[in-house]
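Spelled out from the first residue to the last, the chains are:
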Amino acid sequence: MANRRKTATNTLTPGASSVINLALQGGGSHGAFTWGVLDALLEDGRLQIEAVSATSAGSLNAVALADGLRKAGCDGARQALSDLWRAVADAGRLNPLQPPWLDAFMHGIQQSAQAAWSPPHAWAAAMLQMFSPYQLNPLNLNPLRQIVQSQIDFEALRRESPVKLFLSATNVETGKIRVFSEAEIGVNAVLASACLPTLFQAVEIGGEYFWDGGYMGNPAIFPLIYESLAADVLIVHVNPILRRGVPRSSAEIANRVNEISFNSSLMREMRAIAFVTGLIDRGKLQPEDARRMRIHSIRCDELMASQPVESKIDTAWPYLTALRDAGRQQALAWLDQHGAKVGVESSVDIRAEFL
């Protein structure tokens, strides 16, 4: 990408093989998969994180990760992520749309497929189609606000974050992406990044209104290119790119449209990175004019494609921990197969995977 980086303010060594940037997708409760990935990376300890770009549930993970690192290093970050998702599950127990606890325990990940057909979920889906959040929730109550406020010390994080943070939201009026960073990081920035317009009222910040960042950056890669020293970016996917078969029912069609929409911005950025990489390979761009980015990814399309869209609001603890365990498994496998490539080469064929 074009070299528009600002002068870095940290002490990381350019080209250090252990330094990496993270790009965390959003996807509601499916963000627990990312929790598992981060937990495994932190436990392994080989990778040093310079910056994190995140959207929606990815933003929740990002601020918990950063605040935990600030408090007590990798162990603190693992605990902070666990505490965050436990708080999400505890808040969800008050939600009448949750499936019965016993069903969640007995069926694990697969229980959400059954929950999609439950009467409470069908009733909720119908209500969301007929009424907006301004009608259903005129007091603008958002359970995420209390969770985030209770879990994250934003004042301390703005003052001494150990990693650079970039949280994406979508400007409702202009349709442009807004990336919150540094002194802008706070509870409203997190809520803006995670504001699904069918569930929550737009979040107002500085006279502007924002919806979920997934529409324009899920996650945004460009801040990691322009604002960090590390050339390696590890994307943690939550929305499946590949889904076999043609959707037939209205619910299946809506789910696939949702997945394509929330992957579209990432696909565009991957095309741009591939284009610039090709120019560098052919000698059309010089090192001082552009950066060669090394791209890595952790994903499990088969698992995520098996989850109905309704499962993104399922916060039953057994479901969240099942996703966490799946994320850990994928991350450990990636570390074994590709960890040594960090700082050396991409572990993803961008053209084959994204073009």
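The coordinates are above.
Now for a description of the structure that goes with this document.

1. Focus on the pairing of strand β8 (residues 294-298)
So, step 1. In terms of residue burial, β8 counts as a mostly covered element, since five of its five residues are buried.
So, step 2. With burial as the criterion, each face of β8 is covered, one bearing R294, H296 and I298 and the other bearing I295 and S297.
So, step 3. Summarising the sheet, strand β7 (residues 232-236) and β8 pair through five bridges and their orientation is parallel. Among the inter-strand pairings, I235 is bridged to a residue of β8, identified as S297.
So, step 4. Between the parallel pair β7 and β8, the chain is carried across by helix α11 (residues 250-281), and the sense of this crossover is right-handed.

2. Section: a nonpolar patch on the surface
So, step 1. Taken together, the side chains of M130, F131 and L136 present a nonpolar region at the surface, about 280 Å² in accessible area.
So, step 2. Along the chain, M130 falls in helix α5 (residues 119-130).
So, step 3. Taking relative accessible area as the criterion, M130 reaches 55% and is therefore assigned exposed.

3. With respect to the packing of aromatic side chains
So, step 1. Summed over the entire model, instances satisfying the criterion amount to five aromatic pairs.
So, step 2. Here the aromatic rings of W35 and W85 are separated by 6.3 Å at their centres, their planes lie at 5 degrees, and the arrangement is stacked. With W35 in helix α1 (residues 31-44) and W85 in helix α2 (residues 57-92), this pair connects stretches of sequence that are 50 residues apart. In this pair, the class of W35 matches that of W85, namely buried.

4. Side note on empty space enclosed by the protein
So, step 1. Taken as a whole and assessed by the stated rule, the structure comprises one cavity of 30 Å³ or more.
So, step 2. In this model, the largest cavity occupies a volume close to 40 Å³.
So, step 3. Considering the residues around the largest cavity, the lining is formed by H30, V238, N239, P240, N255, E259, M304, Q307 and K312.
So, step 4. Taken together, the residues of the lining of the largest cavity sort by class into three nonpolar, four polar and two charged.

5. Considerations on the pattern of salt bridges
So, step 1. Evaluation of the coordinates by the stated rule reveals 18 salt bridges.
So, step 2. As a salt-bridge pair, R78 and E43 come within 3.7 Å of each other at their nearest N and O atoms. Taken as a pair, R78 in helix α2 and E43 in helix α1 lie far apart in primary sequence, 35 residues in all.
So, step 3. Judged by relative accessible area, which is 23%, R78 ranks as partly exposed.
So, step 4. By relative accessible area, which is 43% here, E43 ends up partly exposed.
So, step 5. The shortest N-O distance in the salt bridge between R299 and E353 comes to 2.7 Å. Placement of R299 in the loop between β8 and α12 (301-305) and of E353 in helix α14 (residues 350-354) is noted, with a sequence separation of 54 residues between them.
So, step 6. Note on E353: relative accessible area 36%, which makes it partly exposed.
So, step 7. Residues joined by salt bridges that share partners form a network here, namely D39, E43, R78 and R328.

6. So, the packing of α1 against helix α13 (residues 317-338)
So, step 1. Packing of α1 against α13 brings their axes to within 6 Å, and their N-to-C directions diverge by 45 degrees. Taken together, the axis directions place α1 and α13 in an arrangement best described as oblique. The element α1 and its partner α13 pack so that their crossing is right-handed. Counting all contacts with α1, which are made through A32, F33, W35, G36, V37, D39, A40, L41, E43 and D44, the residues of α13 involved are W317, L320, T321, L323, R324, A326, G327, R328, Q330, A331, L332 and L335.
So, step 2. Tallied by class, the residues present in the contact of α1 with α13 amount to 13 nonpolar, four polar and five charged.

7. Overview of the nonpolar core
So, step 1. Counting 67 residues, the largest nonpolar core has L22, V52, V63 and L165 as its most contacted members.
So, step 2. Ranked by the residues each element gives to this core, the list is headed by α2, at 14 residues.
So, step 3. Setting aside chain neighbours within four positions, we find V63 in contact with I152, F154, L157, L165, L167, I185 and V190.
So, step 4. If you look at the next biggest cluster of nonpolar residues, it comprises 21 residues, including A51, F166, M293 and I295.

8. Details of the environment of P223
So, step 1. Relative to the assigned elements, P223 resides in helix α10 (residues 222-227).
So, step 2. With 59 residues separating them along the chain, P223 and K164 place their C-alpha atoms 9.9 Å apart.
So, step 3. Filtering out sequence-adjacent residues up to four positions away, P223 remains in contact with S53, F166, V179 and S228.

Rules used in this analysis
Per chain, residues are indexed from 1 in the order of the written sequence. The predicted nature of this model means local features are confined to residues of pLDDT at least 70 and side-chain atom pairs, given and counted, to a pLDDT of 80 or more, with totals for whole chains, interfaces and linings taken over all residues. Calculation of side-chain values draws on the structure's entire complement of heavy atoms; hydrogens and water are dropped beforehand. Three exposure classes are used, based on accessible area relative to the maximum for each residue type with a 1.4 Å probe and protein chains only: buried under 20%, partly exposed in between, and exposed over 50%. Helix and strand definitions follow DSSP, with helices as H or I runs of at least four residues and strands as E runs of at least two, each counted in order from the N terminus. One bridge is not enough; two strands pair if DSSP finds at least two bridges between them. Seen with its strands pointing away from the viewer, a crossover is right-handed when the path leading from the first strand over the helix to the second is clockwise. Put simply, a patch holds well-exposed residues, over 30% relative accessible area, that have no salt bridge, with like charges counted together within 9 Å and Val, Leu, Ile, Met, Phe, Trp or Tyr side chains within 5 Å. To be clear on the numbers: accessible area is Shrake-Rupley with a 1.4 Å probe, and residue cover counts the displayed protein chains and nothing else. Here, a salt bridge means any side-chain nitrogen of Lys or Arg that lies within 4 Å of a carboxyl oxygen of Asp or Glu. Note on aromatic contacts: the rings of Phe and Tyr and the six-membered ring of Trp form a pair at centre separations within 6.5 Å, being stacked when their planes are under 30 degrees apart, edge-to-face when over 60 apart, and tilted otherwise. A cavity here means a set of 1 Å grid points, computed over protein atoms only, where a 1.4 Å probe fits but cannot escape. A pocket is an open set with protein on both sides within 12 Å along at least 5 of 7 lines, and lining residues have an atom within 4 Å of a point. Grid points are joined across faces, edges and corners, and a volume is the space filled by probe spheres set on the points. Residues are grouped as follows: Ala, Val, Leu, Ile, Met, Phe, Trp, Tyr, Cys and Pro are nonpolar; Asp, Glu, Lys and Arg are charged; all remaining types, including Gly, are polar. Only the contacting stretch of a helix is used when fitting its axis, a line to C-alpha atoms as for every element, and angles between N-to-C directions run 0 to 180 degrees. Oblique is the label for any angle not covered by the other classes, which are roughly parallel (under 35 degrees), roughly antiparallel (over 145) and roughly perpendicular (65 to 115). By definition, any crossing whose near helix is turned counterclockwise from its far helix by less than a right angle is left-handed, and any crossing with a clockwise turn is right-handed. The contact criterion used throughout is that any non-hydrogen atoms of two residues lie within 4.5 Å. Residues belong to one nonpolar core when they are buried, are Ala, Val, Leu, Ile, Met, Phe, Trp, Tyr or Cys, and are joined through side-chain atoms within 4.5 Å.

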